[in-house]
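Geometric and topological summary
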Amino acid sequence: DIVMTQSPDSLVVSLGERATINCKSSQSVLYSSKNKNYLAWYQQKPGQPPKLLIYWASTRESGVPDRFSASGSGTDFTLTISSLQAEDVAVYYCQQYHSTPRTFGQGTKVEIK
Amino acid sequence: QVQLVQSGAEVKKPGASVKVSCKASGYTFTNYGISWLRQAPGQGLEWMGWISTYNSYTNFAQKLQGRVTMTTDTSTSTAYMELRSLRSDDTAVYYCAREDDIVQLPSAIRLWGQGTLVTVSS
């Protein structure tokens, strides 16, 4: 199984400041033949299912604010919130869909300072 | 409106079984598979498996092999997940989610059900 490890486990950031979350996979999630990284980022608020933010490692889902961006390839990935807003308080998960079983990082809780 | 609507919360005793339903609407049911995931209280997300709504092919997480069954009813656009021999550590919110062909078209998950809390307690 591909193990996904996020860092940090929690993050406290001031409103308007940048938040950065890292995700590392135990194996590459890049399909070279398709030149795509099979990596997604989700946001989950209490009592709600996860919401897709980013797919193919760096493609923003329709309707997601452009303060959310992501990058990375192979085994190392980053999600950045450029200017944290109050509504961004949530737990963020990375997920690989390169192979089964699908696996998620343990989550990063983002809070306001 | 494209949505997945799951059945209500359940309380079960250890050793019992639970069957959760997931009714799809607003899209052609057989064009997408259904994944099942769960989230224990305060914990992260665990993928349980996937079923093709087209031919009922399944792919399960190894740790659940033998205890989980996934089925679909195309006449009602409903997917089902049954988990047997329940233990206390099966207490979780169970989610269904729409997912493309897990082998041919791996994809991120855009559509989730609202979740079903299953509590296992004596």
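Presented here is a report on the structure given in the accompanying data block. No experiment lies behind these values; they were computed from the predicted model shown. (Residues numbered from 1 in each chain as written. Chains lettered and ligands numbered in written order. Predicted model: local features only at pLDDT ≥ 70, side-chain atom pairs only at ≥ 80, totals over all residues. Heavy atoms only, no water.)

1. Side note on the sheet that holds strand β9 (residues 68–73) of chain A
All names here are of chain A.
- Pairing is antiparallel across the open sheet formed by four strands, whose spatial order is β1-β3-β10-β9. Of all the strands in the sheet, just β1 (4–7) and β9 have a single pairing partner and so form its edges. Going from strand to strand, the sheet's axes swing by 20° on average, the running direction of each strand aside. (Pairing = 2+ DSSP bridges. Helix = DSSP H or I, 4+ residues; strand = E, 2+ residues; numbered from the N terminus. Axes fitted to C-alpha atoms, helices over the stretch in contact; angles between N-to-C directions.)

2. A short note on the interface of chain B and chain A
- The interface of chain B with chain A comprises 17 residues on the first partner and 17 residues on the second.
- With both chains or domains summed, chain B and chain A bury close to 1,500 Å², and 61% of this area falls on carbon and sulfur atoms.
- Our enumeration of links across chain B and chain A arrives at two salt bridges.
- Taken together, the connections running from chain B to chain A amount to ten residue pairs in polar contact (both at pLDDT 80 or more).
- Elements represented by at least two residues in the side of chain B that touches chain A include exactly β4 (33–39), β5 (45–51) and β9 (92–99) of chain B.
- Partitioned by chemical class, the residues of the side of chain B that touches chain A number nine nonpolar, six polar and two charged. (Contact = heavy atoms within 4.5 Å. Buried area = accessible area lost by both parts, 1.4 Å probe. Salt bridge = Lys/Arg side-chain N within 4 Å of Asp/Glu carboxyl O. Polar contact = N/O pair within 3.5 Å; in protein donor to acceptor, adjacent residues only side chain to side chain. Nonpolar A, V, L, I, M, F, W, Y, C, P; charged D, E, K, R; others polar.)

3. Digging into the environment of Ser62(A)
- Relative to the helices and strands, Ser62(A) resides in the loop between β8 (59–60) and β9.
- Taking the relative accessible area as the measure of exposure, Ser62(A) reaches 71% and is therefore exposed. (Buried < 20%, exposed > 50% of the residue type's maximum accessible area, 1.4 Å probe, protein only.)

4. Considering the sheet that holds strand β3 (residues 18–25) of chain B
Residues and elements named next belong to chain B.
- Pairing within the open sheet is antiparallel, and its four strands lie in the order β1-β3-β8-β7. The open sheet has two free edges, formed respectively by β1 (3–6) and β7 (68–73), since each of these has just one partner strand. Each adjacent strand pair in this sheet contributes to an overall mean axis angle of 20°, direction not counted.
- Sheet topology places β3 next to strand β8 (residues 78–83); six bridges connect them, and they run antiparallel. Bridged to Val18 within β8 is Leu83.

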